[in-house]
Amino acid sequence: YLIDTCNPDTGLILRSGHLQDRHTEPLEGMMACDTLKLISYCLSHHAQEALPTWKNTCSNAHYTVPACDVDCSGATHTFGQVGLMAAALAAVTAFM
């Protein structure tokens, strides 16, 4: 699953498999939560006017996914200190 396209000209194209077992299968639950995050991120960067409508939809879907920590109001525009540290740790781990 991934975002194929996310821009104002061609819109949002998401490539995803079935996530119907998100209630019982932990990996599918994580993927469903990540999908909500990807859509929130895309809209917050390319279609901010759609965020209020999306927030209602996302909030309703968010409760069907166990332990989902998505921020339905839109992902932050900055990478942040924690994100930078996580990326650095991932890079170091990849070369070990």
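Going by the structure above, here's the rest.
Since the model is a prediction, treat every value here as computed from it, not as a measurement.

Draft legend 1. Spatial organisation of the overall build of the protein chain. Looking only at helices and strands, the protein chain has three helices and two strands in total. Going residue by residue from the N terminus, the α and β elements of the protein chain occur as β-β-α-α-α. In the protein chain, buried positions account for 25% of the 96 residues. If you take every contact in the protein chain between residues at least 6 apart in sequence, the share linking residues at least 24 apart comes to 48%. For the protein chain, the accessible area works out to roughly 6700 Å², and carbon and sulfur atoms hold 62% of it.

Draft legend 2. Spatial organisation of the pairing of strand S1 (residues 2-7). With five bridges joining them, S1 and strand S2 (residues 11-15) adopt antiparallel strand pairing. In the strand pairing of S2, Leu2 is matched with Arg15. Linking S1 to S2, which pair antiparallel, is a turn of three residues.

Draft legend 3. Region of interest: the nonpolar core. Counting 13 residues, the largest nonpolar core has Leu36, Leu43, Trp54, Cys58, Cys68 and Val70 as the members making the most contacts within it. Counting only elements with at least two residues in this core, the list comes to helix H1 (26-46) and helix H2 (51-62). With five residues, the top contributor of residues to this core is H1. The residues touching Leu36, leaving out its near neighbours within four places in the chain, are Trp54, Cys58, Ala61, His62, Cys68 and Val70.

Draft legend 4. The arrangement of the pattern of salt bridges in detail. As enumerated under the stated definition, the model contains two salt bridges in all. Among the salt bridges present, the one from Asp4 reaches Arg15, with a minimum N-O distance of 2.7 Å. Of this pair, Asp4 sits in strand S1 while Arg15 sits in strand S2, and the two are eleven residues apart along the sequence. For Arg15, a relative accessible area of 48% translates into the label partly exposed. A salt bridge links Lys37 to Asp69; the shortest N-O distance between them is 2.6 Å. Of this pair, Lys37 sits in helix H1 while Asp69 sits in the loop between H2 and helix H3 (80-94), and the two are 32 residues apart along the sequence.

Draft legend 5. Geometry of the packing of H1 against H2. It is the contact of H1 with H2, at a shortest axis distance of 11 Å, that shows an interaxial angle of 170°. In this view, H1 runs roughly antiparallel relative to H2, as classed from their interaxial angle. Packed against H1, whose contacting residues are Leu36, Ile39, Ser40, Leu43 and Ser44, the element H2 presents Leu51, Trp54, Cys58, Ala61 and His62 at the interface.

Draft legend 6. Representation of the state of the cysteines within the structure. Under the definition given, this model contains three disulfides. For Cys6, the disulfide goes to Cys42, at an S-S distance of 1.9 Å. Residues Cys6 and Cys42 are joined by a disulfide whose S-S torsion is about 110°; by sign, that bridge is right-handed. Within this pair, whereas Cys6 is found in strand S1, its partner Cys42 is found in helix H1, the two being separated by 36 residues in sequence. The two residues Cys6 and Cys42 agree in class, both being buried. Each disulfide pairs two cysteine sulfurs, and for Cys33 the partner residue is Cys68, the sulfurs being separated by 2.1 Å. Since a negative S-S torsion denotes a left-handed disulfide, the Cys33-Cys68 link at about 80° is right-handed. Of this pair, Cys33 sits in helix H1 while Cys68 sits in the loop between H2 and H3, and the two are 35 residues apart along the sequence. Shown here for the protein chain is a disulfide pattern of 1-3, 2-5, 4-6, where each number marks a bonded cysteine counted in sequence order.

Definitions and limits used
Residues numbered from 1 in each chain as written. Predicted model: local features only at pLDDT ≥ 70, side-chain atom pairs only at ≥ 80, totals over all residues. Heavy atoms only, no water. Helix = DSSP H or I, 4+ residues; strand = E, 2+ residues; numbered from the N terminus. Buried < 20%, exposed > 50% of the residue type's maximum accessible area, 1.4 Å probe, protein only. Contact = heavy atoms within 4.5 Å. Areas by Shrake-Rupley, 256 points an atom, 1.4 Å probe, with all protein chains shown as cover. Pairing = 2+ DSSP bridges. Core = buried A, V, L, I, M, F, W, Y, C linked by side-chain atoms within 4.5 Å. Salt bridge = Lys/Arg side-chain N within 4 Å of Asp/Glu carboxyl O. Axes fitted to C-alpha atoms, helices over the stretch in contact; angles between N-to-C directions. Parallel < 35°, antiparallel > 145°, perpendicular 65-115°, else oblique. Disulfide = S-S within 2.5 Å.

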